[in-house]
Amino acid sequence: MTNKISTHDQSSGGSGPVILTNRHLLGIEGMSPIEICKLLDRGHMFADNPHDGVSDALNGKTIINLFYENSTRTRVSFELAAKRLGGSVLNISVAGSSVKKGETLLDTATTLNAMHPDIIVVRHNCSGAALLLSQHVDAAVINAGDGRHEHPTQALLDALTIRRRIGRIEGLKIAICGDIANSRVARSNIHLLGTLGAEIRLVCPVTLLPANIGNMGVSVYTDFEAGIEGCDIVMMLRLQTERMAGTETPSQREYFNLFGLDSRKLMRAAPKALVMHPGPMNRGVEIDSGTADDVEKSLIRMQVEMGVAARMACLEALIARSQ
Amino acid sequence: MTGARFFNAHLVDPSQSIDGLGYMDIKDGVITAIGLGTPLKDNKIARSVDCKKTILAPGIVDMRVQSADPGSEHLESLSTLLAAAANGGITALACLPNTRPVIDEASAIDSLCLRASRISGPRMYAYGAATRSLAGEEMAELGLMAEAGAVGFTNCTSSIRDSLVMRRLLAYSNMLDKPFIQHCEDHSLTIGSEMNESETSTRLGLIGSPSEAEVIIIDRDLHILRRSPARYHVAHISTRAGIDAVRKAKAEGLAVTADTSPPYFLLNELAVSTYNTAFKLSPPLRCEDDRQAVIEGLADRTIDAISSDHMPVDRDAKMQPFGTAQPGASAVDTLLALSLTLVHQGQISMTQMIESLSLAPATILDIEGGTLSPGCNADFILFRPDSSWIISGANFISDSRITPFESQPVQGLVDATYVKGMAIFSRD
């Protein structure tokens, strides 16, 4: 398995933490291509040296993971990233916390703020919640997913994964397939991959297509095979099971038939096409197991690995910005 | 010696086509004379007021106000609502029945209007709930509420979903000769919606409310009206399609009227871009083309009236993520100044603006006010249209201080508000 084809610029990635314009990392929209590339370069460096003490940027720093939605990989990924940089991590999940007792987001923010954390990583089911939190705390805020809005570190880790495997993003044909309407991963990837010069196609049933998305520099397909035709990357999104019970789509069976990815459909993509999925997967709904587990074609495990590296770059950048 | 004379006033009264410097005499709460120019000296008049060329116009009749009292007095009490309205130049207001308890029977109307009458403030009217508990299913006691003084019937912030219920409500309201006020929204299209559906909603990841949700209900109701004539009023209209439908219906001769509110002709959906919940309103702020259509609709009188759409909301309900924040904003304090923006921009004449704020709503509801004709109640305001100030919720007299126009400079300051010849507000 040759997962690590480093084509990045080692010198820039190794030159030190990235300095961002903004104090918080709330979304990809509005970030410059230079900032994005610097984060990716730094991410490359961390991916190359996952266990070495490359940086102790978070030494003596406190990072709070504040998760209003269940999450395994994102939370663990942030925790690992922070610990590898020497930071102390506190995890707060909503179940079993004062939030369950009716505390509002801003009251929780005020409480946490009084403990002087350096970074708060927040996931919330409402779009805009990370921005709201950032307006009321002194810590830098990282958006780990806000409603349907953005999930910037996911887009960064996806881009890092693509760059490490293919070496570039510019000029690639990338299909993002599935529940676009409800996906923050799709939105962040549209901004990021588009900013870096990829051609982006959205492939989904028309009922899962948000209004006027064509204005965001993408082309839209409702025929799966036509949509992924010739694509270098086929990125599948998770479809929540409640959306397959006759609401947005008629049934799970029909969805998999029309919009699920299997090895036969994947043949319509470019010969060396690669498959991605932000996880967690619904096997047999949006992707079949054969495709998901194909070590030659699937980048899904690598995405998880790159998640830690990308988040190390983000955490380090925000700490550097705050000093 | 009794009565008072207001002279050197810029009189604006659309009902009598008066627009010019002149005077007005009042006695025992009633207007006794009005005329352009300088009046002959009358020694019997006890008090003369030099208006110094400020505008003297009929008081504002605000036909869409939500009162938190009774039931949610912590948001706003009746007395602060009325004081804020007086400060804003409002001399009469019609309160929606979504109080707690709901105004769905005659005693609730009696109670609210009686309490309001003990407070020196604008004349207060109430709508009756169209259906019991506003559930949209069983008809409330419309006849008894009409006898108790209900000025119309409405289901407040929701449309009547069931077409048969709607048909019966329209027919029954018509039998009582009362208008039916409809908030036009096809709720099945707007479940969970957070803002207007558009590229902006897609970018922000907020659930969109498609603008056609308004016209779908208007069109349905117009079809019912053609078979069953009634006085039908579209509340806070906000979309081009809805306005076009009303325009056609009026041309057809149907008894249709409409009102809108300042956010819909001064703001568009882009205001939501920072997730500022002060801009979360119902109906949601629409696209720029809709905003233009609202101005056109006001200019050609497709939209008859402008109401404040005042809704008491406190900070707690707004200091939340956009999705869970409550819609609505405080508005009686700012209605006149915001509306005058269209006059200052040259979109609508002062006379027509005064008509939209006073005569038109008074006519729709068939209540006193909206005119300076001799013999009518002396409900009027004095205001300086060019005086500028900056809107700040913190300075509102209303207990509810959330406004989508925070920090916005406006022109138009009320100097005094009179109801039945008594000053219920005076800046001095």
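In this report, we go over the structure that sits alongside the text. The structure displayed is predicted, hence computed values, not measured ones.

1. Describing the nonpolar core
Among the nonpolar cores identified, the biggest contains 95 residues, and I218, L222, Y232 and F383 of chain B are the most heavily contacted of them. With seven residues, the top contributor of residues to this core is helix α11 (residues 335–344) of chain B. Core analysis: the next-biggest nonpolar cluster, separate from the first, contains 88 residues, A186, I190, V203 and L208 of chain A among them.

2. Quick notes on the sheet that holds strand β8 (residues 233–236) of chain A
All names here are of chain A. Strand order across the open sheet formed by five strands is β7-β6-β5-β8-β9, with parallel pairing between neighbours. Looking at strand neighbours, the two that pair on one side only are β7 (219–221) and β9 (274–276), the edges of this open sheet. Shown here is a sheet whose adjacent strand axes are inclined to one another by a mean of 25°, direction ignored. In this sheet, β8 lies alongside strand β5 (residues 173–177) in parallel orientation, the contact comprising four bridges. When the bridges of β8 are listed, I174 appears paired with I233.

3. Let's talk about unusual backbone geometry
Of all residues except glycine, most have a negative phi; of all peptide bonds, most are trans. Residues and elements named next belong to chain B. With an omega dihedral of 10°, the bond running from D69 to P70 counts as a cis peptide bond. With respect to the helices and strands, the residue P70 is situated in the loop between β6 (60–65) and α1 (78–87). Phi is positive for H236, close to 25°, though the residue is something other than glycine. Structurally, H236 is set in the loop between β14 (232–234) and α7 (240–252). For Y275, which is not a glycine, the phi torsion comes out positive at approximately 60°.

4. Looking at the sheet that holds strand β8 (residues 123–126) of chain B
Residues and elements named next belong to chain B. Spatially, three strands are ordered β6-β7-β8 in an open sheet, and the strand pairing comes out parallel. Edge positions in the sheet fall to β6 and β8, since each has one partner strand and no second. Between one strand axis and the next, the sheet turns by 20° as a mean value, whatever way the strands run. When β6 meets strand β7 (residues 90–95), the two strands line up parallel, connected through four bridges. By the bridge assignment for β7, I60 is matched with I90. Across the sheet, α1 lies against β6, β7 and β8, angled at about 135° from β7, the strand it touches most. Taken strand by strand, helix α2 (residues 106–117) contacts β7 and β8, and its axis lies near 170° from that of β8.

What counts and what doesn't
Residues numbered from 1 in each chain as written. Chains lettered and ligands numbered in written order. Predicted model: local features only at pLDDT ≥ 70, side-chain atom pairs only at ≥ 80, totals over all residues. Heavy atoms only, no water. Core = buried A, V, L, I, M, F, W, Y, C linked by side-chain atoms within 4.5 Å. Buried < 20%, exposed > 50% of the residue type's maximum accessible area, 1.4 Å probe, protein only. Helix = DSSP H or I, 4+ residues; strand = E, 2+ residues; numbered from the N terminus. Pairing = 2+ DSSP bridges. Axes fitted to C-alpha atoms, helices over the stretch in contact; angles between N-to-C directions. Contact = heavy atoms within 4.5 Å.

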